[in-house]
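# Structure at a glance
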Protein chains: 2
Amino acid sequence: MRTSIATVCLSGTLEEKMLACSKAGFDGIEIFEQDLLVSPMSPEEVRAMADRLGLGLDLFQPFRDFEGVTEAQLQANLHRAEAKFQLMNRLGMDLVLLCSNVATATIDNDELFIAQLRQLAELAAGYGVRIAYEALAWGKYVNTYQHSWRIVQGVDRPNFGLCLDSFHILSRGDDPAQIAQIPGEKIFFVQLADAPVLSMDILSWSRHYRLFPGQGGFALDEFMLHLVRSGYAGIVSLEIFNDVFRQSNVERTAIDGLRSLKWLQSQAAGLLAGSGQHSALELEALPGAQEATAFDFAEIRTEDPERVAGMLAQLGFAFKGQHRRKPVQLWASGEARIIINSQRSRGVEAAVSGFGVQVPDPGAGGARGTSLLATKVPRQQTHHEQELPGFLAPDETEVFFSSPANTRNWEREFLDAGEAAPETGNPAVDGIDHINLAQPWQCFDESVLFYSSVLNLEMMPGTEVPSPMGLVRSQVLRTADSCVRLALNIVPQGLEKAIERHHEYPEHVALRTGDIVQLARSARARGMEFLPVPANYYEDLAARFELDGQLLATLKELNLLYDRDEQGEFLHFYTKTLGNMFFEVVERRAGYDGYGAPNAPVRLAAQFESNRWSRN
Amino acid sequence: MRTSIATVCLSGTLEEKMLACSKAGFDGIEIFEQDLLVSPMSPEEVRAMADRLGLGLDLFQPFRDFEGVTEAQLQANLHRAEAKFQLMNRLGMDLVLLCSNVATATIDNDELFIAQLRQLAELAAGYGVRIAYEALAWGKYVNTYQHSWRIVQGVDRPNFGLCLDSFHILSRGDDPAQIAQIPGEKIFFVQLADAPVLSMDILSWSRHYRLFPGQGGFALDEFMLHLVRSGYAGIVSLEIFNDVFRQSNVERTAIDGLRSLKWLQSQAAGLLAGSGQHSALELEALPGAQEATAFDFAEIRTEDPERVAGMLAQLGFAFKGQHRRKPVQLWASGEARIIINSQRSRGVEAAVSGFGVQVPDPGAGGARGTSLLATKVPRQQTHHEQELPGFLAPDETEVFFSSPANTRNWEREFLDAGEAAPETGNPAVDGIDHINLAQPWQCFDESVLFYSSVLNLEMMPGTEVPSPMGLVRSQVLRTADSCVRLALNIVPQGLEKAIERHHEYPEHVALRTGDIVQLARSARARGMEFLPVPANYYEDLAARFELDGQLLATLKELNLLYDRDEQGEFLHFYTKTLGNMFFEVVERRAGYDGYGAPNAPVRLAAQFESNRWSRN
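The rules we used
- Per chain, residues are indexed from 1 in the order of the written sequence.
- Numbering of ligands from 1 and lettering of chains from A proceed in the order in which they are written.
- Per-residue local features are limited, in this predicted model, to residues with pLDDT of at least 70; the limit for side-chain atom pairs, both in listing and counting, is 80 or more; totals at the level of whole chains, interfaces and linings are taken over all residues.
- Think of the side-chain values as coming from all heavy atoms in the structure, minus any hydrogens and water.
- Secondary structure elements follow DSSP: runs of H or I of four or more residues count as helices, runs of E of two or more count as strands, with numbering from the N terminus.
- In this treatment the radius of gyration is a C-alpha quantity, and the globule benchmark scales as 2.2 Å times the residue count to the 0.38 power.
- The classification of residues rests on relative accessible area computed with a 1.4 Å probe and restricted to protein chains. Under 20% of the type maximum is buried, over 50% is exposed, and intermediate values are partly exposed.
- Throughout, disulfides are identified as pairs of cysteine sulfur atoms within 2.5 Å of each other.
- The atoms used to superpose the copies are C-alpha atoms, taken from residues with pLDDT of at least 70 in both, and the fit is least squares.
- Strand pairing requires that DSSP identify at least two bridges connecting the strands.
- A pairing counts as a salt bridge when a side-chain nitrogen of Lys or Arg comes within 4 Å of a carboxyl oxygen of Asp or Glu.
- In what follows, residue pairs with any heavy atoms lying within 4.5 Å of each other are defined as contacts.
- Throughout, buried area stands for the accessible area (probe radius 1.4 Å) lost by two parts on being put together, summed over both.
- Whenever two N or O atoms come within 3.5 Å, that pair is a polar contact, provided that in protein one can donate a hydrogen and the other can accept it, and provided that, for residues adjacent in sequence, both atoms are side-chain atoms.

Moving on: the overall build of chain A. The helix and strand tally for chain A stands at 19 helices and 26 strands. For 616 residues, the compact-globule estimate of 2.2 N^0.38 gives 25 Å, and chain A sits close to it at 28 Å. With the principal axes as the frame, chain A shows a C-alpha extent of 90 × 60 × 50 Å. Across the 616 residues that make up chain A, the buried fraction comes to 62%.

In structure tokens, the structure reads:
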């Protein structure tokens, strides 16, 4: 599938945008007219630069407000169009996007639209220009793709076809299935955009909140299937107006965009394989579409390993050994493995620096990450050390693929500590329940796509949690069976400043236990410091749930928090924060499926109170 | 009028919020339950602290989802309510906010609502608690104030009354006029919120985008008049859910909130004075409601006065003299006075640091600023120097009040330079057209209220301008006759970082001339460096407007930009940027009333291109 992206998606100058698109690996770009207009580069320079970079100049856009006007206005519009066709000739471009009239149309008459557009098509033909006509969702008279298709049929000129944009179709709730009935060769161009499910006026939604495929709520894989059925074999491009992308690093955004198209192709190819249908559009499937079966480990980077080790010991973890080559320790309890790494830790009090997942075929996982343009983590293998393919997430977390067999191998790299099992008879912690990562606002959507595509996780509905420094937006990604769960939190801007100054917005590793009361008691006996929970919380808990007095007293005694859903109960506690991280311990009773969201504000406020965060 | 504010409006801990509200001068607060719940302070401590600060604990809020439920649910709800009434007794609070049921109501029957609410009222009476019932705009069955008022009449208990919230009424487009028919003593509490005009689902709009009165689009002055007609004499409070306020400095937000209530009182008092009606609510009018007649001066702070002076000389300004006591120069052309100040300029290459306006009575202007809690600029007057009342705006711009007579006085403080008029026969620049100030995102709404209330300016509709680093949101404020115009620009977050690192987001002073072509020619002859305009811009201009070839050639020759509206034409140019600022020169032909907004992206891109801004 030939990929393209509109320059309006990206930040920076036209030159910077072209370099970034080329570097990411796009086949071509759409030139957003204003980007050219404000550029000091002449059209000839743009053309020559695109040639050098091997970037197609796929679409010149947008031309606006043409049809449905008075005769005098039509002449002015033709004059305006001719100047653009001449400019396109200088650029060596042959396809222009024409949006349905939003502003100047005064006459609602399909015959008139057709007659005027035919004049435009004939003028364009003289310049070798083809026109892709797009129904904007807020077009004055033409605002559905079905209507624009009737117009295109009426114009009936070989250089006049359709442009389809998923946003304009799906934002209205229109059914994309009729795309399959349009002959593919009359679809001149396709633009894809995803978007979060928002209820707001379509124009604002479109201008500010579009997302790359896989970052929002649109069923773009199905959209692609309808397109395949039409016989379309052309370019699939991204046209995303997003306030954050416009402010972000242009090279990263370009990679993020191309990743979204690679992921979407693969999703659509998966659907298509089921249908046994032929596709003129070559849809490349990604390798390694496999379900993670468990967390392999979580890694804490710290310049002071003793303090992290001390917390793990308090939680009943056993020291499993020192790595034979690196200043790295392994601690374990049940299936929970925690690596304490003091490489590259200067100035890092403690931080969640990475994690691994177990998959059936780690090599295929690595190939998938590479196909998705993820940055590899450089890692030496020497003397039969186990290779673990690893990638750097947008938030700089390191993510590794292992398998149960590989895990047994890498565990052997740690010199046996010869230590007995932990003091309690049965290990208190059974495994890693979830990992909670903070995301700077610039990379939240990028991270969502990275983790969901590279790790093949599902997006759950998002939530928002109040904190003393602003709302924290939270997004859970997980495997279908919940074996691996990640919570991504977008950090409010006030907090982000706090991070920059003091590296204190805490991330955490949540550990799973079958008996949290027992575990909390023994941890306390071993000197664990808990995050204090205010007395007011327990009074409110008593008013909200009819808890028996015994349970309430235990919760209060041990600083445990409590939640309940339709299925069951959730008990959890937090350790105090160390540097940039802390541990949570959770007990899920009878199929409770959440994360104690109602308690998150209590945690954030208590962490704020305990002066771990800087004040403005 | 007794003022209050909900703690949910503010950032920080409950303790910090209470301190900030007391310091700003609020009479009381609403305790948002969650703020108490996450606080380590006991209810008794909160009560004692409020006593010490002299802050009323006016409203405990919210109690939710009570009425319209099954009998079993009712008993659970009464149990939950009783715990809260006991808590209120410990807090010494007697008024609770009850929101109409959003979630758990299953039976739509007013008689049932009334019967269940009467049980609640009777339970509350035993604890000395009064209930203020509020119709939420998204309430399941009760969602208008008219409906909640019928319910209150039905319940018919002395401790059961109404809470009115302007957001819930005006966001639905409901007519607030019927408030006047409600007996004031049955309105137990009033919450005010403004909001921008947005078309989105009311719940999201309410949760994220509420604003203090005067920052949005609601006609709250008229809302207040309806309230006055009801005979209401109680507390007027602010309940604002706003993502930015939640992240901002708590003390500043508290002052911003109280300023909004002072401004609103005064606006309502003005409307009321016209009607000759009595008000049980004491509405204090602000002093000094006068129209500014002109800019008095603009002030540039710089550690390198020669470079600014050089630009002014190139623009035809004359050096008027050095201040007799301070390292401050005055330059003038026509009615445009520019002060170059090198006090407190260490590290400041050049920045727009302040401006003055002329008003009929500067003393009254100063009294108005003080009443509006504006921070005074400390300024020495010695040896008969003219006093100019001055205030520090939220963006740290210094704003002064003068009058034509006072201006003649302060001009005399500058030692006569004995210089001839500028070289051209007639002064090229006639006056200051507008001043364009950058606003960090945290203080945009605060600045809008500050400038509009302290300087008595009108808000115009906002616009958005694309730049290579993101969208710049722009808001014009001006006098009715356009003598004084300010443009506030909210700086995208990417740019804000650029500012922090390099102080390079440029602000500007726009100067007015009657003959821009002549002025540009002579400035060029004197060596002025213009901001370069790309050739592509002029080609697009030719396609958009049918300009004659002569004019187009002149525009291109002199780096002039062009725009046209229904009234007339606009020609303008920009100087190159110096430090953090530049000058614009504008010629308005035949009543053109805008600011060349279509050209702003060209300017921003050219400034970005010329490497004045740092790259990420």
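Picking up after the structure, the text goes on.
Before going further, it helps to spend a moment on the state of the cysteines. Tallied over the full model, the rule gives zero disulfides over all chains. Not part of a disulfide, C9(A) finds its nearest cysteine sulfur in C21(A), a span of 8.1 Å.

With glycine set apart, most residues show a phi of negative sign, and most peptide bonds adopt trans. Residue and element names in this part refer to chain A. Here Q61 and P62 are connected by a cis peptide whose omega angle stands at -10°. Mapped onto the secondary structure, P62 falls in strand β3 (residues 56-63). Notably, D156 is not glycine yet its phi reads approximately 50°, a positive angle. Structurally, D156 can be placed in the loop between α6 (145-155) and β6 (160-165). Taking relative accessible area as the criterion, D156 reaches 56% and is therefore assigned exposed.

What follows deals with the relation of the copies chain A and chain B. For these two chain copies, the linking operation is a rotation about an axis paired with a shift along it. Placing chain A over chain B gives an RMSD of 0.1 Å and needs a rotation angle of 180°, together with 0.0 Å of translation along the axis. When the rotation and shift are considered jointly, the pair of chain copies conforms to a two-fold rotation axis.

Residues and elements named next belong to chain B. Summarising burial for strand β12 (residues 336-341): six of the six residues are buried, a large majority. As judged from the four bridges shared by strand β9 (residues 294-301) and β12, these two strands associate in the parallel manner. Across the sheet, residue R301 finds its bridge partner in β12, namely N341. Summarising the sheet, strand β11 (residues 328-333) and β12 pair through six bridges and their orientation is antiparallel.

Before going further, it helps to examine helix α14 (residues 444-454) of chain B. All names here are of chain B. Across the eleven residues that make up α14, a large majority, eleven, are buried. When we look at burial in α14, the residues that qualify are F444, D445, E446, S447, V448, L449, F450, Y451, S452, S453 and V454. Once α14 ends, the next one or two residues include N456, with phi positive near 60°.

With that out of the way, let us pick up the pattern of salt bridges. For the structure shown, the criterion picks out 58 salt bridges over all chains. With its nearest N and O atoms 3.4 Å apart, the salt bridge here joins E529(A) to K576(A). Of this pair, E529(A) sits in the loop between α16 (516-525) and α17 (535-544) while K576(A) sits in the loop between β25 (569-574) and β26 (581-589), and the two are 47 residues apart along the sequence. Taken together, the shared-partner salt bridges connect E33(A), K84(A), D540(B) and R544(B) into one network.

This part covers the interface of chain A and chain B. Contacts between the two partners involve 58 residues from chain A and, on the opposite side, 58 residues from chain B. Where chain A abuts chain B, roughly 4600 Å² becomes buried across the two surfaces, and 50% of that area is made up of carbon and sulfur atoms. Three residues, L37(A), Q247(A) and N536(A), lead the burial of chain A against chain B; their summed loss comes to 13% of the area buried on that side. Remark: the boundary between chain A and chain B carries four salt bridges. For the salt bridge of D540(A) with K84(B), the shortest nitrogen-to-oxygen distance reads 2.8 Å. At the surface where chain A touches chain B, the tally comes to ten residue pairs in polar contact (both at pLDDT 80 or more). Going through the elements one at a time, α2 (33-37), α4 (71-91), β20 (463-467), β21 (470-478), α15 (493-502), α17 and α19 (600-609) of chain A are the ones with two or more residues in the side of chain A that touches chain B.

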